[in-house]
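Report on the structure
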There are 4 protein chains.
Amino acid sequence: MLYFSCDYAEGCHPSVLKALSETNLVSTPGYGEDDFCRSAKEKIKKVIDCPNADIYFLVGGTQTNQFVIDSMLGNFDGVVAADTGHVAAHEAGAIEYSGHKVITIPGHDGKIHAEELKSYLRDFYADDNHEHMVNPGMVYISYPTEYGTIYSKNELETIRMVCQEYDLPLFIDGARLGYGLAAATDMTYADIAALSDVFYIGGTKVGAMFGEAVVFTKGNTPKHVITQIKQHGALLAKGRLLGVQFDALFTDDLYMKISQNAIDTAARIKTYLKENGFKFFLDSPTNQIFIVMCNKALESFSKEVAYGFWEKYDEDHTVIRIATAWSTENQAVDQLLKILEKYKNNC
Amino acid sequence: MLYFSCDYAEGCHPSVLKALSETNLVSTPGYGEDDFCRSAKEKIKKVIDCPNADIYFLVGGTQTNQFVIDSMLGNFDGVVAADTGHVAAHEAGAIEYSGHKVITIPGHDGKIHAEELKSYLRDFYADDNHEHMVNPGMVYISYPTEYGTIYSKNELETIRMVCQEYDLPLFIDGARLGYGLAAATDMTYADIAALSDVFYIGGTKVGAMFGEAVVFTKGNTPKHVITQIKQHGALLAKGRLLGVQFDALFTDDLYMKISQNAIDTAARIKTYLKENGFKFFLDSPTNQIFIVMCNKALESFSKEVAYGFWEKYDEDHTVIRIATAWSTENQAVDQLLKILEKYKNNC
Amino acid sequence: MLYFSCDYAEGCHPSVLKALSETNLVSTPGYGEDDFCRSAKEKIKKVIDCPNADIYFLVGGTQTNQFVIDSMLGNFDGVVAADTGHVAAHEAGAIEYSGHKVITIPGHDGKIHAEELKSYLRDFYADDNHEHMVNPGMVYISYPTEYGTIYSKNELETIRMVCQEYDLPLFIDGARLGYGLAAATDMTYADIAALSDVFYIGGTKVGAMFGEAVVFTKGNTPKHVITQIKQHGALLAKGRLLGVQFDALFTDDLYMKISQNAIDTAARIKTYLKENGFKFFLDSPTNQIFIVMCNKALESFSKEVAYGFWEKYDEDHTVIRIATAWSTENQAVDQLLKILEKYKNNC
Amino acid sequence: MLYFSCDYAEGCHPSVLKALSETNLVSTPGYGEDDFCRSAKEKIKKVIDCPNADIYFLVGGTQTNQFVIDSMLGNFDGVVAADTGHVAAHEAGAIEYSGHKVITIPGHDGKIHAEELKSYLRDFYADDNHEHMVNPGMVYISYPTEYGTIYSKNELETIRMVCQEYDLPLFIDGARLGYGLAAATDMTYADIAALSDVFYIGGTKVGAMFGEAVVFTKGNTPKHVITQIKQHGALLAKGRLLGVQFDALFTDDLYMKISQNAIDTAARIKTYLKENGFKFFLDSPTNQIFIVMCNKALESFSKEVAYGFWEKYDEDHTVIRIATAWSTENQAVDQLLKILEKYKNNC
């Protein structure tokens, strides 16, 4: 079975595994108070060009979103997100569990539009009853989005301007940040840091075994932050495991190099699909490819390739996701393309 | 100033006040363990033709919605509601505060459509990822809705069938129940009880000083219900105040009689508006009337009449709400119609 | 049956009822935006000598405690209270429901000791692991306490000094504030306001039908306070009902006069009990009297007098509470003393 | 620096690391739906002799406690624990954050006494006001306790009988389960499973990199369990990492063998301490040793040995914890004993 179902089907990059192995029996203090964490944080601060950034390592994405949103909002606040945003749709209500409404505005191929955000905010404050409504306390976007799309620098700047006008922090969910930056032509780590109030660098989907690095960029770390992380069940006893991994990922630009692999292998697949008349559900520049296939073809295709079910397209067709990853080998792409040959005139 | 802004601008019906006055210095146990509450419950059970109903009195609507939804759902559950539903839009996130997502489906003049509910539920269970999504654990509707519209008996039966197919309790928010039933041609108290799993009879907006009577109709009272009410800050020390009021409202059909007054006075106003070419925003059979007026006219109108701002219609027009109540006098209607004369050809 | 079980067994003081009756059909805006509330707030500000106080009216005690504590604390904070404090023991977990731990220190006849508070705080900060523990974010005391005892001015000043040393707001639960101040020899409304950061004036137990007036005394009103009140299900639609009641209670010193009645009638009972050899469980200067009676005597006593069960004393004896109120008549005291005659040599 | 501060200062047992390395590039489905998890669960079910056990793997201890307690309790429930229990004292309020009170009863060297538990429960139900109090919904104990002590089989059976009498599930926190069972003379895995309703097998502190295996033993898995795990931010994307680790730990009795190492090395240290007149704070049979040392000695001792600060003993003395682990080598023990020589007549 070929695996193109997601970008977290394997363990971790060999360099990360090597670092974990080599440091395995070193004794360190717990809870992130170790030198590996310190080193990783320094490397990240340098690459994002944000010397005053305050960085914490957590284990997974939903946990990170819950912690960031809950720790930065007041009780009365909700978080504004695209209706397709991960926090709105696929986190089992983790945000509401922590007491906060996810206020949705339309997602366009996963992205929010600055003018629609502004329009929502303007209408909210114009409404005499707004004290009876959940207060917008933060804007959440994902980069890249759940549909693999990315904001241009100009789009992000415009969103940030709206946020600033309404005094709202901007949170960028970077579960797949590497894939976004590798695909972007006009964005850097430093831009992400400059344009957000808080963001995270996803490890789980980009070469780490697990782990996400939360970065507070504007001197805005929540109070009693360790207590809050612990309270969310998110304080890893052996915090050093996260430090070791991010230290490896941010040594010799590894994080970006392996992200590039996902983009390159995805590009090969997209080129093939385009040249062979496959139907795209939407156009995505990163490692997630969404195509429409007929259910009949999927019956046999699914026996050879593990892909992601996305949604029903119509009675006879389904949207599927093909995802490459840091770990995707060109040989596997070859195999995939060979299998796809069978379906090219078939749907 | 004429008050047509809402149905809770006055205190309570004189009969309710009389009952409160006459019982004022009687000593009773607290927390609803008194004979007034017992008597009121018996009267309600009779009128809703549901001898096994279990009834609790709470103080206000948002409190009641939060208590009912939170006490009947598991952590993993959300409540399905129209996007215009009170719990979705105007309760300051009280439902999310209690940990539950309000899952919205489209509201049509305030009402949900059974087939859209079914479609949402079918898609939910068909989605392989549904364990990563908030589980639909209850359906919430309001009767009448926030737009003054009411479901026909047939519509309610169809919604109930969908609920039963998916094993979901149906909760009917009856903050204005009296006005709905007084306006309905095919619905009775007993129908509401039979078609719902839990509902409440609104007192605050229908003749009581305050108070809502929650009715669990199917032997489905939540466990440790008093503890849960207390935990929500909703257990009134002098519970007898609620018993006394509902006892008065359910003596000699008072609740329905005073509800009818709101319907009758609203009918007079609607007739006038129709005959004089005012523009309706939507058609509502109950005590809430939504019309579109030009902003210029509202400038002077607002100096004479207190109405409800609803929403911006376009740059030059606004949707306003005119609400009658149990307390509306025909003389006040006369005055209103006289004032409206000035605007009839004006917008 | 004679009622001495609690101070909320009757409705409200006749003057309060009169005010509610006279204003019953006046139309006002909802949610506390009315002139009655404004007037009541002005009167309270004057009597507490705190012109910048910010005042909100809520319905009941548990609701008020939950709102005040939750709106003033961060997620990471708990509230420090006596282990016998109402929030610790008898609010069905309403505080924990809102996410906050009640951190208990010993209660001494209901009161906390400043030095024990200080010792707890010093140890907390001296503990290297304190980030793994709930942060003390507020100190809660009740005045009078759940045992009817009151702090001296000096005791309160010392507690306040500890709070200030550790930068903790002091919250005084005044569910029975009138009874405390009427009994105190050295405390005034103004002292309560000056020594607390937030407190509330209890109406439910002191002459109102229902209602508590929360006073933020130090320019420290929580953000989006109306949204937060609503979110807790605590925003009364007809807020004017609370304004009317507190306006009446704070006209012509009514609140204090009727509080004095409870103290005077309690004094008569205590004098009798002392002179006749009844055993006191503790000494309380306010309206709650705790005595130890033998279970055998209680069997017949309970048929004539409604009293409060407090706790088991030993196998054969029980602690009971006899409470007077704003409404207690001397005639009822006469009857009680006559009944007690039967038990004076009997336990 | 010698590390005896805790049992989570190193990475993982070499066999665990080997298993992670060898499976690193295998592609699997996410979220625990993989063969490694299935295999690990089968091995655990066999060793605990509980074929119908339902097992889930989580990342850390606080997270696990929060998930287990919150998913098994109703809103109205609290969890009964020793006042020194981890959930009561050192989890940053994670339980209260999820809405539940930790109801404390006295800990005796970390253990609760069955008769005190029973006494609390009897008094609770005898109290007429118990509906106004948090309902006891579960009993939590740790095995071994936070003080390294263990319950005898007879003690556990008696606690279980009390739980059954009051229909309360018994939850055993086994963060250090291996160390407890290795030290016990009369307890087995199967006893833990039989005597509890839910327990967890700690990996983080016993040879895994991270991970805890939650076992529901009585067909009592909470509803929508995956949704609830996700909602707590506790569903690891690469769930296989946990399966691989527990599979290794439960192959060839590894978990118990490495636990035994901690017990054996601790025994050597305790023998030395006893023979040399060191003062024990309490007697513990497992891997945690609590001794009292004078602050003067600790000044220099702390430069050579990392130990755990426990609590102030008196002005001049401190309780410290010396912990061995699965990873403790006899050579390190030799070094420790040599260092301790300097202090043996010194405090």
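Helix and strand counts for chain A stand at 14 helices and 13 strands. Sorting the 347 residues of chain A into buried and exposed places 66% on the buried side. For chain A, restricting intrachain contacts to residue pairs at least 6 apart in sequence, the fraction spanning at least 24 positions comes to 74%. With an accessible surface of roughly 12,100 Å², chain A has 48% of that area assigned to carbon and sulfur atoms. Averaging the locations of the 31 positively and 46 negatively charged side chains of chain A gives two centres separated by 6 Å.

Aligned on chain A, chain C shows an RMSD of 0.0 Å; the corresponding rotation is 180 degrees and the shift along the axis is 0.0 Å. Taken together, the rotation angle and the small translation identify this as a two-fold axis. Ranked by how close their C-alpha atoms come to the rotation axis, the residues of chain C are headed by Gly74 of chain C, at 4.1 Å. When you check the interface residues of chain C against chain A, 100% turn up at the interface there too, and the contact is symmetric in its surfaces.

Mean pLDDT over chain A: 97, with 100% of residues reaching 70 or higher. Across the interface, the model reports ipTM at 0.97; the global pTM reads 0.97.

Turning next to helix α6 (residues 114-126) of chain B. Residue and element names in this part refer to chain B. Taking 1.5 Å as the rise per residue, α6 with 13 residues should run 18 Å; its terminal C-alpha atoms sit 18 Å apart, in good agreement. For α6, the complete set of buried residues consists of Ala114, Leu117, Tyr120, Leu121 and Phe124. Summarising the axial view, the buried residues of α6 lie within an arc of 130 degrees, below the 170-degree limit, and thus occupy one face. Pointing more than 90 degrees away from the buried face of α6 are the exposed residues Glu115 and Ala126.

Applying the stated criterion to the full structure yields 78 aromatic pairs over all chains. Between the aromatic rings of Tyr189 of chain D and Phe250 of chain D, the centroid separation amounts to 5.8 Å while the plane-to-plane angle is 50 degrees, which identifies the pairing as tilted. Residue Tyr189 of chain D is located in helix α9 (residues 189-195), and its partner Phe250 of chain D is located in the loop between α11 (240-249) and α12 (254-275); the two are separated by 61 residues in the primary sequence. Residue Phe250 of chain D is classed as buried on the basis of its relative accessible area, which comes to 10%. The cationic tip of Lys274 of chain A hangs over the ring face of Phe280 of chain A; the distance from NZ or CZ to the ring centre is 5.7 Å.

Of the transformation superimposing chain D on chain A, the axial component is 0.0 Å and the angular component is 180 degrees, with the fit at an RMSD of 0.0 Å. Comparing interface residues between copies, 100% of those in chain D also sit at the interface in chain A, which points to an isologous, same-surface contact.

Next up on the list: the environment of Ser15 of chain D. All names here are of chain D. With respect to the helices and strands, Ser15 occurs in helix α1 (residues 14-22). Residue class for Ser15 comes out partly exposed when judged on its relative accessible area of 33%. Between the alpha carbons of Ser15 and Ala248 there is a distance of 6.7 Å; along the sequence they are 233 residues apart. Setting aside its immediate chain neighbours within four residues, Ser15 contacts Ala248 and Leu254.

Quick look at the interface of chain D and chain A now. Quoted interface sizes are often the accessible area lost when the parts come together. In this assembly, 44 residues from chain D lie in contact with 44 residues from chain A. The largest share of the area that chain D buries against chain A comes from Tyr97, Gln231 and Lys238 of chain D, three residues that together contribute 18% of it. For the interface between chain D and chain A, the tally reads zero salt bridges. Looking at the side of chain D that touches chain A, the elements with two or more residues in it are α1, α3 (61-72), α5 (94-97), α10 (225-231) and α11 of chain D. Ranked by residue count, the leading element in the side of chain D that touches chain A is α3 of chain D, at four residues.

The next subject is the pattern of salt bridges. Tallied over the entire structure, the rule returns 56 salt bridges over all chains. The closest approach of N and O atoms between Arg268 of chain A and Asp334 of chain A, which form a salt bridge, is 2.6 Å. Taken together, the positions of Arg268 of chain A in helix α12 (residues 254-275) and Asp334 of chain A in helix α14 (residues 330-341) put the pair 66 residues apart, joining distant regions of the chain. For Asp334 of chain A, a relative accessible area of 41% corresponds to the partly exposed category. In this structure, Asp35 of chain C and Arg38 of chain C form a salt bridge, with 3.0 Å as the shortest nitrogen-oxygen distance. Of the two residues, Asp35 of chain C and Arg38 of chain C both sit in helix α2 (residues 35-47), three residues apart, roughly one turn of that helix. Arg38 of chain C gets classed as partly exposed once you look at its relative accessible area, which sits at 45%.

In this complex, chain C contributes 17 residues to the contact, which on the side of chain A involves 17 residues. Three residues, Asn75, Phe76 and His132 of chain C, lead the burial of chain C against chain A; their summed loss comes to 38% of the area buried on that side. Where chain C touches chain A, the interface holds zero salt bridges. Linking chain C to chain A there are eleven residue pairs in polar contact (both at pLDDT 80 or more). For the side of chain C that touches chain A, the secondary-structure elements that each account for two or more residues are α3 (61-72) and α10 (225-231) of chain C. For the side of chain C that touches chain A, the element with the highest residue contribution is α10 of chain C, accounting for five residues. The residue inventory of the side of chain C that touches chain A, partitioned by class, reads five nonpolar, eight polar and four charged.

What follows is about the sheet that holds strand β13 (residues 317-323) of chain C. Residues and elements named next belong to chain C. Taken together, four strands build an open sheet; the order of strands is β9-β10-β13-β12 and the sheet is antiparallel. Looking at strand neighbours, the two that pair on one side only are β9 (279-280) and β12 (308-314), the edges of this open sheet. Relative to β13, β12 runs antiparallel, the two being bridged by five bridges. Along β13, the bridge assignment pairs Glu311 with Val319.

Procedures and definitions
Here the residue numbers are simple positions, counted from 1 along each chain's written sequence. Labels are handed out in written order, letters beginning with A for the chains and numbers beginning with 1 for the ligands. Owing to the predicted nature of the model, reporting of local features is limited to residues with pLDDT of at least 70; listing and counting of side-chain atom pairs is limited to 80 or more, with chain, interface and lining totals taken over all residues. Hydrogens and waters are ignored; side-chain quantities use all the structure's heavy atoms. Put simply, DSSP H or I for four residues or longer makes a helix, DSSP E for two residues or longer makes a strand, and each gets a number counted from the N terminus. Buried, partly exposed and exposed residues are distinguished by accessible area as a fraction of the type maximum, computed with a 1.4 Å probe on protein chains only: under 20%, between the cut-offs, and over 50%, respectively. We call two residues in contact when some of their heavy atoms are within 4.5 Å. Each accessible area value is a Shrake-Rupley result obtained with a 1.4 Å probe; residue values ignore everything except the protein chains displayed when judging cover. Counted as positive: Lys and Arg. Counted as negative: Asp and Glu, with His and the chain ends omitted from the count. In plain terms, the charge of a residue is placed at NZ if it is Lys, CZ if Arg, CG if Asp and CD if Glu. The copies are overlaid by a least-squares fit using only the C-alpha atoms of residues whose pLDDT is at least 70 in both copies. The predictor rates its confidence in each residue with pLDDT, a number between 0 and 100. A helix's residues, less one, multiplied by 1.5 Å, set its expected span. The directions considered for the arc are those from the helix axis to the C-beta atoms. Pairing of aromatic side chains requires ring centres within 6.5 Å, counting the rings of Phe and Tyr and the six-membered ring of Trp. Pairs whose planes differ by under 30 degrees are stacked, by over 60 edge-to-face, and all others tilted. Comment: the charge-over-ring label is applied if NZ (Lys) or CZ (Arg) is within 6 Å of the ring centre and within 35 degrees of the ring normal. Summed over both partners, the accessible surface that disappears when two parts come together, traced with a 1.4 Å probe, is what is meant by buried area. A carboxyl oxygen of Asp or Glu within 4 Å of a side-chain nitrogen of Lys or Arg is what we treat as a salt bridge. The definition of a polar contact used here is a pair of N or O atoms within 3.5 Å, where within protein one atom must be able to donate a hydrogen and the other to accept one, and adjacent residues in sequence count solely through side-chain atom pairs. Residue classes follow a fixed rule: Ala, Val, Leu, Ile, Met, Phe, Trp, Tyr, Cys and Pro count as nonpolar, while Asp, Glu, Lys and Arg count as charged, and any other residue, Gly among them, counts as polar. Pairing between strands requires that DSSP locate at least two bridges from one strand to the other.

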